[in-house]
Structures are given as structure tokens and as C-alpha cells.
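Letter by letter, the chains look like this.
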Amino acid sequence: MKIEVLGPGCPKCEQLAENVQQAVRELELNIEVNKVKDFKTIASYGVMITPALVVDGELKVVGKVPSVAAIKEIIT
């Protein structure tokens, strides 16, 4: 599984990354979470509002920070 957090590093982007990391830890998964800050890469997903969450190449969340519980549902 590949998880990407898309965003330039704004507070919401950082919060999403933290929530994703916590969800991965709680689920005891050995998954690397990548932060993507490159605008071209972000735009390639059609994202115009960050943060965004991509799981295995599929855009799952745009423009908001889901809870840890919601992220756990998304990645399982």
C-alpha cells in the first residue's frame, strides 16, 4: 500500500500527515507515508485545494483533515 499526503506544508497538511501516521501506527501497518509538496505532482491528481490524501494512486480526501478513525476506515 502506498499513502501520499498532498500539500505544500500548511498547518492542515501537517495535521493530515500526523493523523495518517497515527492511523498507520494504531493499525500496526508497516506502510510508508509520503508527503508530496511538488505542485506539478499535486496538480496531476486534479487537486486544487489541499490537503489531499491519496491511497494506492486513488484520491480519497480533498480539502479537509479527516479524523484518525476516518483515515483508518479509508486505508483498511
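Everything discussed here concerns the structure shown above.
Residues numbered from 1 in each chain as written. Predicted model: local features only at pLDDT ≥ 70, side-chain atom pairs only at ≥ 80, totals over all residues. Heavy atoms only, no water.

A. Structural context of unusual backbone geometry. The linkage connecting T50 with the following residue, P51, adopts the cis geometry, with an omega of 5°. A positive phi is found at E28, a non-glycine position, where the angle reads about 55°. On the secondary structure map, E28 appears in the loop between helix 1 (11-26) and strand 2 (33-36). Of note, D56 is a non-glycine position whose phi angle comes to about 50°, a positive value. (Helix = DSSP H or I, 4+ residues; strand = E, 2+ residues; numbered from the N terminus.)

B. Structural context of the pairing of strand 4 (residues 58-62). Looking at chain direction, strand 3 (residues 52-55) and strand 4 are connected through four bridges and run antiparallel. Looking across to strand 4, one finds that A52 is bridged to V62. Between strand 3 and strand 4, which follow one another and run antiparallel, lie two residues, and D56 among them has a positive phi close to 50°. (Pairing = 2+ DSSP bridges.)

C. Region of the structure containing the nonpolar core. Counting residues in each nonpolar core, the largest one holds 15 residues, and the members touching the most others are I3, V5, V20, V24, L53 and I75. With five residues, the top contributor of residues to this core is helix 1. Discounting residues that sit within four places of it in the chain, I3 has contacts with V20, V24, I31, E32, V33, N34, L53, V54 and I75. Among the nonpolar cores identified, the runner-up in size contains six residues, and L6, I42, V47 and V54 belong to it. (Core = buried A, V, L, I, M, F, W, Y, C linked by side-chain atoms within 4.5 Å. Buried < 20%, exposed > 50% of the residue type's maximum accessible area, 1.4 Å probe, protein only. Contact = heavy atoms within 4.5 Å.)

D. Just the pattern of salt bridges, in detail. Taken as a whole, this structure holds four salt bridges when the rule is applied. We note a salt bridge from E14 to K35, for which the minimum N-O separation is 2.9 Å. Highlighted residues: E14 in helix 1 and K35 in strand 2, separated in sequence by 21 residues. A salt bridge links K72 to E26, with the shortest nitrogen-to-oxygen separation between them at 2.8 Å. On the criterion of sequence distance, the pair formed by K72 in helix 3 (residues 68-75) and E26 in helix 1 is long-range, its members being 46 residues apart. (Salt bridge = Lys/Arg side-chain N within 4 Å of Asp/Glu carboxyl O.)

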